[in-house]
Amino acid sequence: MSGFVGILVSDPWLHNQFTQVELRSLKSHFTSMRRESGKLTVSDLAPRMGRSKVVGDQNLTTEERAALIQSFHPNLSDEVDFEFYLRIYLKLQAHVNAIIGSGAKNSSAFLKAATTTLLHTISDSEKSSYVAHINNYLSGDEFLNKYLPINPSSNDLFEVVKDGVLLCKLINVAVPGTIDERAINTKSMLNPWERNENHTLCLNSAKAIGCTVVNIGTQDIIEGRRHLVLGVISQIIKIQLLADLNLKKTPQLVELVDDSKDVEELMSLPPDKILLRWMNFQLRKTEYKKTVTNFSSDVKDAEAYTNLLNVLAPEHKSPSKLAAKNPFERAKNVLEHADRMGCRRYLTAKDIVEGSPNLNLAFVAHIFQHRNGLSTKTKQISFLADDTQISREEKAFRFWINSFDSSMYINNVFEDLRDGWILLQTLEKVSPGIVNWKIASKPPIKLPFKKVENCNQVVKLGKQLKFSLVNIAGNDIVQGNKKLILAYLWQLMRYNILQLLKNLRSHSNGKEITDVDILEWANAKVRKNGSQTRMFSFRDKSLSDGIFFLELLSSVQPRVVNWSLVTNGVTDEEKKMNATYVISIARKMGCSIFLLPEDITEVNQKMILTLTASIMHWTLKEPLHLIKPTGSPDSHNGSSLLDDSTSDSSLE
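Note that this is a predicted model, so its numbers are computed, not measured.

Some thoughts on the overall build of the protein
Link 1 in the chain: Tallying secondary structure elements over the protein gives 29 helices and zero strands in all.
Link 2 in the chain: Relative to all contacts within the protein whose residues are 6 or more apart in sequence, the contacts with residues 24 or more apart total 65%.
Link 3 in the chain: Accessible surface, the protein: about 28,700 Å² in total, of which carbon and sulfur atoms supply 50%.

Notes on the packing of helix H21 (residues 421–430) against helix H22 (residues 448–464)
Link 1 in the chain: Close contact between H21 and H22 brings their axes to 9 Å; oriented N to C, the two are set at 30°. Here H22 runs roughly parallel to H21, going by the angle between their axes. Along this stretch, H21 crosses H22, giving a crossing that reads as left-handed. Across the interface between the two elements, Trp421, Leu423, Leu424 and Leu427 from H21 touch Asn454, Gln457, Val458 and Leu461 from H22.

A word on helix H9 (residues 165–174)
Link 1 in the chain: By the criterion of burial, H9 is predominantly enclosed, with nine of the 10 residues buried.
Link 2 in the chain: Buried residues belonging to H9 abut helix H7 (124–137), helix H8 (156–160), helix H10 (192–208), helix H11 (218–222) and helix H12 (226–241).

Re the environment of glycine 474
Link 1 in the chain: Following the sequence through the fold, glycine 474 ends up in helix H23 (residues 474–478).
Link 2 in the chain: Using a relative accessible area of 1% as the deciding quantity, one classes glycine 474 as buried.
Link 3 in the chain: Considering only alpha carbons, one finds glycine 474 and cysteine 455, 19 residues apart in sequence, at a separation of 4.3 Å.
Link 4 in the chain: Discounting residues that sit within four places of it in the chain, glycine 474 has contacts with Cys455, Asn456 and Val459.

Some points on the pattern of salt bridges
Link 1 in the chain: Going through the model one piece at a time under the given rule, you end up with 23 salt bridges.
Link 2 in the chain: Residue lysine 450 pairs with glutamate 453 through a salt bridge whose shortest N-O separation is 3.8 Å. Of this pair, lysine 450 and glutamate 453 both sit in helix H22, three residues apart, which is roughly one turn of that helix.
Link 3 in the chain: Residue class for glutamate 453 comes out partly exposed when judged on its relative accessible area of 34%.

Description of the environment of glutamate 428
Link 1 in the chain: For glutamate 428, the position within the fold is in helix H21.
Link 2 in the chain: Glutamate 428 sits in the partly exposed class, given a relative accessible area of 22%.
Link 3 in the chain: Those residues in contact with glutamate 428 that sit more than four places away from it in its chain are Gly433, Ile434, Val435 and Trp437.
Link 4 in the chain: Polar side-chain contacts of glutamate 428 include one of 2.7 Å to the backbone nitrogen of glycine 433.

Remarks on the environment of alanine 331
Link 1 in the chain: One can find alanine 331 in helix H16 (residues 327–341).
Link 2 in the chain: Take alanine 331: its relative accessible area is 0%, and that puts it in the buried class.
Link 3 in the chain: With 20 residues separating them in the primary sequence, alanine 331 and aspartate 351 have C-alpha atoms 9.1 Å apart.
Link 4 in the chain: Sequence-distant contacts of alanine 331, that is, excluding residues within four places in its chain, are made with Ala302, Ala349, Ile352 and Val353.

A look at the confidence of the model for the protein
Interpretation of this model should avoid reading the predicted coordinates in detail wherever pLDDT is low.
Link 1 in the chain: Scored by pLDDT, the protein has a mean of 83; 83% of the residues are at 70 or more.
Link 2 in the chain: The least confident element of the protein, judged by mean pLDDT, is helix H6 (residues 109–112) at 42; the most confident is H9 at 97.
Link 3 in the chain: Within the model, pLDDT remains below 50 along residues 100–119, and this stretch shows 49 contacts once partners closer than five positions in the same chain are excluded.
Link 4 in the chain: Confidence drops under a pLDDT of 50 for residues 629–652, and excluding neighbours within four residues, the segment shows 56 contacts in the predicted structure.

What to know about the nonpolar core
Link 1 in the chain: Counting 169 residues, the largest nonpolar core has Leu275, Trp278, Met279 and Leu427 as its most contacted members.
Link 2 in the chain: If you tally residues by element for this core, the top one is helix H24 (residues 482–504), at 11 residues.
Link 3 in the chain: Formed by 21 residues, the second largest nonpolar core is a distinct cluster that contains Phe18, Leu40, Phe82 and Leu92.

Concerning the packing of aromatic side chains
Link 1 in the chain: Within the structure shown, the criterion is met by 11 aromatic pairs.
Link 2 in the chain: Residues phenylalanine 548 and phenylalanine 549 carry aromatic rings whose centres are separated by 5.7 Å and whose planes lie at 85° to one another, so their mutual orientation is edge-to-face.
Link 3 in the chain: Judged by relative accessible area, phenylalanine 548 falls into the buried class, the value being 2%.
Link 4 in the chain: Taking the relative accessible area as the measure of exposure, phenylalanine 549 reaches 0% and is therefore buried.
Link 5 in the chain: An aromatic cluster is present here, built from Phe30, Phe82 and Tyr85 joined pairwise through their rings.
Link 6 in the chain: The ring of phenylalanine 143 is capped by lysine 146, whose NZ or CZ atom sits 4.7 Å from the centre of that ring.

Here's the deal with the side chain of asparagine 172
Link 1 in the chain: Among the secondary structure elements, asparagine 172 is positioned in helix H9.
Link 2 in the chain: At 3.2 Å, the side chain of asparagine 172 forms a polar contact with the side chain of glutamate 181.
Link 3 in the chain: Those residues in contact with asparagine 172, other than ones at most four positions away along the chain, are Gly177, Thr178, Ile179 and Glu181.

A look at the state of the cysteines
Link 1 in the chain: Taken as a whole and judged by the stated rule, the model has zero disulfides.
Link 2 in the chain: Not engaged in a disulfide, the cysteine cysteine 168 finds its nearest cysteine sulfur in cysteine 202; these two sulfurs lie 5.1 Å apart.
Link 3 in the chain: For cysteine 168, a relative accessible area of 0% gives the class buried.
Link 4 in the chain: According to the relative accessible area criterion, cysteine 202 is buried, its value standing at 0%.

Looking at H21
Link 1 in the chain: The buried fraction of H21 is high, at eight of 10 residues.
Link 2 in the chain: Along H21, the residues that are buried comprise Trp421, Ile422, Leu423, Leu424, Gln425, Thr426, Leu427 and Val430.

Reading the values: rules and limits
The numbering scheme is per chain: residues are counted from 1 as the chain's sequence reads. Where totals are concerned, whole chains, interfaces and linings use all residues; where local detail is concerned, this predicted model gives features only for residues with pLDDT of at least 70, and gives and counts side-chain atom pairs only at 80 or more. Processing note: side-chain calculations cover all non-hydrogen atoms of the structure and skip hydrogens and water entirely. Under the DSSP-based scheme used, a helix requires at least four consecutive residues in state H or I and a strand at least two consecutive residues in state E, with every element numbered from the N terminus. Whether two residues touch is decided by their heavy atoms; if any such pair falls within 4.5 Å, the residues are in contact. With residues, only the protein chains shown are counted as cover, and all accessible areas are computed by Shrake-Rupley using a 1.4 Å probe. To define axes, lines are fitted to C-alpha atoms, for helices over the stretch in contact only, and angles between the resulting N-to-C directions are given on a 0 to 180 degree scale. Each angle gets one of four labels, with under 35 degrees taken as roughly parallel, over 145 as roughly antiparallel, 65 to 115 as roughly perpendicular, and the rest as oblique. Take the far helix as your reference; a near helix turned counterclockwise from it by less than a right angle gives a left-handed crossing, and one turned clockwise gives a right-handed crossing. Buried means the residue's accessible area, taken with a 1.4 Å probe over protein chains only, is under 20% of the maximum for its type, while exposed means over 50%, and partly exposed covers the values in between. Salt bridge, as applied in this entry: a Lys or Arg side-chain nitrogen positioned within 4 Å of an Asp or Glu carboxyl oxygen. Whenever two N or O atoms come within 3.5 Å, that pair is a polar contact, provided that in protein one can donate a hydrogen and the other can accept it, and provided that, for residues adjacent in sequence, both atoms are side-chain atoms. A residue's pLDDT is the predictor's confidence in that residue, given on a scale from 0 to 100. Nonpolar core, defined: a set of buried Ala, Val, Leu, Ile, Met, Phe, Trp, Tyr and Cys residues in which side-chain atoms within 4.5 Å join the residues together. Any Phe, Tyr or Trp ring, taking Trp's six-membered ring, that has another such ring centre within 6.5 Å forms a pair; planes under 30 degrees apart are called stacked, those over 60 apart edge-to-face, and the others tilted. The criterion for a charge sitting over a ring is simple: Lys NZ or Arg CZ within 6 Å of the ring centre, and within 35 degrees of the ring normal. Cysteine sulfur atoms are paired as a disulfide whenever they come within 2.5 Å of each other.

Set out below in structure tokens:
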């Protein structure tokens, strides 16, 4: 329940410039810099901020940073306190932003930048478009009916999201079934605990569908911080709109390529890049000769849109308007054409000519959903029948890596890890200081042997961490060997959770945590709660009904499971309902997990271990006074507050 503890800044204006997540990160950097010599002066700031990678390290040299700081505060011998440091930070950030601009031409900005910037501005056009989307897709929701439709010209959206329900429901629109709605707190008046649970459920579920939420916490939603709320909403909507941009959902996309090798490349592309390829494929059928490379500057004149809609829906084009010379008039004609097709949404003519990347992407994605113009006769490609298990594991590991840092964002495990760089960054996150960066090559890497060198270090470090890497070489990663990459990532994820558990056990005397420790801890917790249910191993087939994990969750947070909603877990449908409930309850408590209900019902040993370990990690991490006591109507078996004293003998 970290949303309740914040870092206070005495100056209200200064406090409002940052989220609590940003303040915690900056406080940590500040403390680290001051620890070097016991105090921190103005003259120390430039070099230490550079070493700490606090701000602008990609855009300012130490000399430039020092000159700027001196221009802000000439007396270099003055000692720096935290608030002074925050003011310097803001001034440096403003300078960097003035240099690099908004980056609007990056067609991936929709996904990556929304929750990571300190430019706390919002677009009224984007807000209005997202509100219209919410009003449309959630209009029939029984709970939200009293709030909808939201007025797009007001700021009501930021009030409605404060209880967390709308964001949870929106995630389920984007990826149906992600959240078990039985786990959402939907009373008319929610207390702070219940609101915080909804926000925690929302953020952990957003991560689980591929959103980047590294710079947003529950308190930011409670306070209705507009740029952060819109950042999360925009990512959720994008995931919904681009859901069909893959060969599994739309096999007709193979029409965009000529042979199997090109299909492999297409499968590795992120959805927005596939959307661009589709758009250019359709434009080649017209007289339009340019290649569209982004959803901003390349579509501002509306010529590409005019040609795209004419080829997709020639029956709706208006010959009298084809010769429009003014981009704004041409954009208006495009929207009228789209309206006649039944797919005018998300943007105005002004948004087109101003090159709004988020709204233009949403517009094109909606056109694709409505009419993609691809052949109904699908070319047969032998390997399109992807291994379901490999696909599920790839997604879990991808979202796990993406949860670390927005700068490490990947779209495909088998393609984006082949140069070794992201794997080295992940290793550094999991085991700080382990990577020898002096011999590592940063992308873009043109020389193949440099990629092999990176991947050789990845394998070497894996062996150093005692991974089982028999017959695995760096070149296997470079070549994109799926099974070997997944095997490595599983061991890296497992090592990460075991280290997190080890670091929390201050009384374990440095003892390594093992799978057996986790198993025994879980059984001890459930047994102490009065249940006879037992897990014999992480591949125990009796786990498929989900009951053991509901018992475990109830034992560590007595009020969290509503047992009246739990099924007997006999039929496949009952098992899936319980599994979905387990995952949503765990995320609601604060567990960051990346498994699917099928991983429980099919007893996927790897994911069962990560689920159990995540619950254990949450329990050991959570302060005792923040475990909500029993007494609520949904408590079970009269369980008492968490008591670790008799349940963790295997760790001591």
